[in-house]
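Given next are the chains, with one letter for each unit.
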Amino acid sequence: MKNTTTQSIVFCLVVSCQAIDLNELMERAAQRSDKLHALSTSLTKDLDSHFPPMGRVMMPRPDMCHTSSLQTPRDKEQALSVSENDLISLARSLLRAWNDPLVLLSSEAPTLPHPSNNDISNKIRELQDYSNSLGEGLDVLVNKMGPSSKYISLMPFSGGDLRQDKNSRLINFHFLMSCFRRDSHKIDNFLKVLRCRATKNRPETC
Amino acid sequence: MWRDTGLKLILSLILPVVAQGARHTPPGKPKLTICRSPEKETFTCWWEAGFDGGLPTTYSLFYQKENSKTIYECPDYRTAGANSCFFNKNDTSIWVNYNITVVATNALGSNTSVPFDVDVAYIVQPHTPENVTVRVLEDKEGPFLRLSWEPPRKADTRSGWITLIYEIRVKLEEDEEWEEHLAGQQKMFNIFSLHSGGVYMVQVRCKPDHGFWSEWSPTSSVKVPDYISQGRSVWILMAVFSAFIFFILSWIIIMNKNSVRHCLLPPVPGPKIKGFDKHLLKNEKSEDVFNALVNNSFPPRSIDYEDLLVEYLEVSINEEEELILEGKDIQVVGCLKSKSPSDSDSGRGSCDSHTLLMEKCGGMDSKEESSYEEPEVQQAQAANWESPERTDRQVGSPDTSDGQVNACSSDISSSIHGPSVNQRQGTLELPRQDTVPDKLSPKSRSHHHPGYMESLGECCELPIAGAQHQLEAARLQNHSDYNIASLKQQSETTGLGYVEVQKVNKENQLVLKPLSIHSQGPLHGSCVGAGEEYSKVNGVNKDNVLLLQRQREMAETSQSCDDKEKEGVLEQSCPKQQQGKTDTHGFAATQLQESMCLTTSGYVDTSTMMPTF
């Protein structure tokens with residue numbers, strides 16, 4: 001550990017890198033999570049425009065999302081009572097849980113029986129980029145926080161692949177996107193709460 | 001028929017009353033229209049009622065949360081108004097899917113609406129921002145507006161639970177279009193470049209990061225005080241300065257109006273012909289114009305010979321030399337050994353060259369010599385440049401002394417006719433030269449020489465008229481100083497003492513008058529027209545005699561100058577020969593080629609000279 005720490009310090013000094021302070025890191029994280037959710041909302045609207053009539057009935061319930069097992073605050077009081085470490089842990093857990101499904105969605109999107117599947121495909125790719133960037137940023141962030149912030153709940157994705165028939169594929173795709181939309185909203189909210197809590201010297205933004 | 005209508009009328013009145021009871025139906029299906037949460041802590045749902053079926057209908061809302069199967073009814077139907085359901089904090093969960101339905105119930109039945117899925121996270125629409133204030137502040141560039149506001153009361157932005165972004169819009173009171181600006185998360189905004197004295201109206205609204213825009217706040221207005229912007233004041237200053245410069249320049253130009261006009265529009269030079277009157281042109285009578293010209297200035301009577309840059313032959317002979325010549329047999333006509341060796345050549349043509357004279361002093365007729373001598377002898381007498389006498393003699397003596405002929409002598413001979421001396425006036429007294437014609441005759445013969453005329457031209461580079469002039473002077477100077485002196489007395493301004501032919505008197509004597517620059521107008525009682533000092537050649541008669549023209553009218557009558565001039569202008573045309581006139585006037589004429597052509601001016605045109613040999 002000492003060696004690695006020393007090495008990292010030396011490395012930083014050599015390349016004259018500059019450590020970004022916590023506030024700035026939080027700000028960047030919050031901006032990325034905001035963008036992430038915005039994309040997911042846009043995707044959901046695109047999918048809604050061409051949804052089979054019976055799809056809503058056949059749509060799995062939201063509690064069928066693979067991340068529903070994670071206990072998250074349900075209202076404001078609960079959310080504000082969560083510690084910072086937990087908040088960051090929740091955010092990172094959720095983010096990590098969507099790495100694999102996004103890969104699946106990205107591979108399925110081009111062949112999706114949808115008129116604007118190219119658009120969807122591009123947005124999915126963009127989603128992945130933001131997700132990865134946010135994950136890396138949060139990893140840097142937790143290094144500045146306590147060690148307990150690094151706890152991550154694993155939520156394996158067992159979706160495998162979407163069904164073969166056209167409607168099922170579309171419905172499942174839509175279902176996955178709806179799960180992601182919610183989870184990205186959570187991440188965004190947690191990080192913004194975290195941002196305001198961590199930057200007590202900037203009351204004008206919080 | 002009347003019966004039927006009356007029955008129908010009664011039925012139409014009764015039936016509705018009766019049927020009212022029969023029209024009751026279960027209520028129509030209500031419909032949930034919208035659910036909104038202002039702060040992500042509570043939310044409200046509204047529905048619209050369907051047909052109520054004619055009976056009092058009640059509406060109830062039921063909801064089911066995502067993970068439980070418990071169906072709850074709306075806790076609050078009133079807070080949010082009619083057909084609404086308000087979910088308070090306790091009943092509100094986020095990131096939880098609500099399944100809501102509305103049931104309409106009346107006495108006959110009920111009807112359930114289509115289920116409506118709601119997640120509080122996606123239905124956030126805050127209230128309008130509060131406490132919107134606008135003030136006018138000043139800085140160095142002028143006044144500006146400062147907007148400030150606060151988030152809606154219930155939105156908890158401090159904890160970061162809800163993040164709001166704001167938008168403002170502003171316009172002048174009289175404008176129709178608003179000007180919108182995004183303000184981000186800040187709670188104040190500055191507006192610059194205001195209209196002086198205008199009234200501005202502003203509004204603010206907000207939106208959560210992932211929600212809906214709020215309503216616009218109530219309008220706040222403010223009046224901007226009058227001011228002059230810095231930019232405008234600079235323009236005003238520049239305008240004043242430019243106007244000032246402009247006035248100064250225009251004043252200068254007006255003061256120097258004439259010189260400016262002269263510079264920009266240079267005056268057109270007028271005609272510089274003496275005696276030319278522009279106004280006569282307006283009369284459209286060219287005759288008047290030309291007459292005016294001729295009358296006044298053309299030909300010019302008094303010429304400053306120096307101005308003409310004409311080299312005149314100046315021949316001067318001393319008395320001693322003349323005496324010497326008497327005793328010699330030098331036959332050169334007009335051989336004038338005039339000069340003392342000390343004479344310089346200035347002002348004298350080549351004709352005066354000493355060597356030339358010496359050369360040609362050989363082979364002269366005795367006549368010439370004798371005639372040459374005579375002027376000396378007869379100094380006191382009036383000289384007669386008597387062309388008629390000469391003519392007589394010359395006519396009879398066509399012999400050519402072909403020998404060497406002095407070109408200058410020919411000039412002299414031809415010009416002899418020019419000057420006249422008025423015996424009575426004593427303007428010039430020249431010795432009588434009876435033999436002069438004899439002398440002249442060989443000269444006239446010399447005209448036959450082919451190159452004679454050319455040499456004439458070469459020698460002195462003068463037209464005959466000019467030569468005449470020169471030789472006149474030479475002749476005059478030939479004589480004694482007395483004569484010259486007398487001449488000089490007479491001449492007023494002409495330094496060279498030229499004379500001009502005034503007239504020919506009865507005795508065929510040329511009346512000379514010394515020329516003066518200032519003399520103009522008719523001379524001595526006789527009107528002299530154009531070409532007075534020259535003798536115009538009228539023509540050549542059969543005997544190759546040069547017929548000189550004079551102003552005919554002058555000799556015969558005393559007509560006006562104009563007439564004479566006219567006739568002078570209308571004179572000869574080539575190749576008229578006016579022998580008659582010549583005979584009348586008795587002018588001597590030198591022998592000339594028959595084919596000689598005379599120009600209208602009476603001068604000999606050598607271009608048509610045909611050599612006789």
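Source: prediction; values computed, not measured. (Residues numbered from 1 in each chain as written. Chains lettered and ligands numbered in written order. Predicted model: local features only at pLDDT ≥ 70, side-chain atom pairs only at ≥ 80, totals over all residues. Heavy atoms only, no water.)

**A closer look at the overall build of chain B**
Line of reasoning, step 1. When you go through chain B residue by residue, the secondary structure sums to 17 helices and 21 strands.
Line of reasoning, step 2. Out of the 613 residues belonging to chain B, those deemed buried represent 49%.
Line of reasoning, step 3. Total accessible area on chain B stands at roughly 31400 Å², and carbon and sulfur atoms take up 55% of it. (Helix = DSSP H or I, 4+ residues; strand = E, 2+ residues; numbered from the N terminus. Buried < 20%, exposed > 50% of the residue type's maximum accessible area, 1.4 Å probe, protein only. Areas by Shrake-Rupley, 256 points an atom, 1.4 Å probe, with all protein chains shown as cover.)

**Notes on the sheet that holds strand 12 (residues 179-184) of chain B**
Residue and element names in this part refer to chain B.
Line of reasoning, step 1. One open sheet accounts for 4 strands, arranged 12-11-14-15; its pairing is antiparallel. Only two strands of the sheet have a single neighbouring strand rather than two, namely strand 12 and strand 15 (220-223). Neighbour-to-neighbour, the strand axes of the sheet open up by a mean angle of 25°, direction not taken into account.
Line of reasoning, step 2. Here strand 11 (residues 164-172) runs beside strand 14 (residues 199-208); their pairing, made up of 9 bridges, is antiparallel. Bridging from a neighbouring strand, Leu164 pairs with Pro208 of strand 14. (Pairing = 2+ DSSP bridges. Axes fitted to C-alpha atoms, helices over the stretch in contact; angles between N-to-C directions.)

**Focus on the pairing of strand 3 (residues 57-64) of chain B**
Residues and elements named next belong to chain B.
Line of reasoning, step 1. Sheet analysis places strand 3 next to strand 6 (residues 97-106), joined by 8 bridges and oriented antiparallel. For Leu61, the partnering residue across the bridge sits in strand 6 and is Val102.
Line of reasoning, step 2. Summarising the sheet, strand 3 and strand 4 (residues 71-73) pair through 3 bridges and their orientation is antiparallel. Bridge pairing links Tyr63 to Tyr72 in strand 4.
Line of reasoning, step 3. Hairpin connection from strand 3 to strand 4: 6 residues lie between these consecutive antiparallel strands.

**Details of the sheet that holds strand 10 (residues 142-150) of chain B**
All names here are of chain B.
Line of reasoning, step 1. Spatially, 9-10-13 is the arrangement adopted by the 3 strands of the open sheet, whose pairing is antiparallel. Only two strands of the sheet have a single neighbouring strand rather than two, namely strand 9 (130-139) and strand 13 (188-191). Direction aside, neighbouring strands of the sheet carry axes that sit 20° apart on average.

**Some points on the UniProt feature "transmembrane region" (unreviewed entry) in chain B**
Line of reasoning, step 1. Mapped onto this structure's residue numbering, the UniProt feature "transmembrane region" (unreviewed entry) falls at residues 234-254 of chain B.
Line of reasoning, step 2. For residues 234-254 of chain B, the end-to-end C-alpha separation is 30 Å, with 100% helix and 0% strand making up the annotated structure. (UniProt positions renumbered as here; feature names shortened; annotations may be inferred.)

**Looking at a nonpolar patch on the surface**
Line of reasoning, step 1. Judged by side-chain polarity, Phe241(B), Phe244(B), Ile245(B), Ile248(B), Leu249(B), Trp251(B), Ile252(B), Ile254(B) and Met255(B) come together as a nonpolar surface patch covering roughly 950 Å² of accessible area.
Line of reasoning, step 2. For Leu249(B), a relative accessible area of 47% corresponds to the partly exposed category. (Patch = residues over 30% accessible without salt bridge, like charges linked within 9 Å, V, L, I, M, F, W, Y side chains within 5 Å. Salt bridge = Lys/Arg side-chain N within 4 Å of Asp/Glu carboxyl O.)

**Some words on the state of the cysteines**
Residues and elements named next belong to chain B.
Line of reasoning, step 1. Counting across every chain of the model gives 3 disulfides over all chains.
Line of reasoning, step 2. Two residues, Cys35 and Cys45, share a disulfide whose sulfurs are 1.7 Å apart. Taking the torsion about the S-S bond as the criterion, the Cys35 to Cys45 disulfide, at about 110°, is right-handed. One end of the pair, Cys35, is in strand 1 (residues 31-36); the other, Cys45, is in strand 2 (residues 43-48), with 10 residues separating them in the sequence.
Line of reasoning, step 3. A relative accessible area of 2% places Cys35 in the buried class.
Line of reasoning, step 4. One disulfide bridge connects Cys74 with Cys85, the sulfur atoms lying 1.7 Å from each other. Taking the sign of the torsion about the S-S bond as the criterion, the disulfide between Cys74 and Cys85, at about 115°, is right-handed. You can see Cys74 sitting in the loop between strand 4 and strand 5 (84-87) and its partner Cys85 sitting in strand 5, a full 11 residues away along the chain. Across the pair, Cys85 and Cys74 agree in class, each one buried. (Disulfide = S-S within 2.5 Å.)

**A few points about the nonpolar core**
Line of reasoning, step 1. Formed by 72 residues in total, the largest nonpolar core has its most connected members in Phe173(A), Met177(A), Leu191(A), Phe43(B), Leu61(B) and Ile100(B).
Line of reasoning, step 2. In terms of residue count, helix 8 (residues 166-198) of chain A provides more of this core than any other element does, 13 residues in total.
Line of reasoning, step 3. Apart from the residues lying within four places of it in its own chain, the contact partners of Leu191(A) are Met26(A), Ala29(A), Ala30(A), Ser33(A), Ile88(A), Ala91(A), Leu134(A) and Leu138(A).
Line of reasoning, step 4. Formed by 23 residues, the second largest nonpolar core is a distinct cluster that contains Val134(B), Ala155(B), Ala183(B) and Phe189(B). (Core = buried A, V, L, I, M, F, W, Y, C linked by side-chain atoms within 4.5 Å. Contact = heavy atoms within 4.5 Å.)

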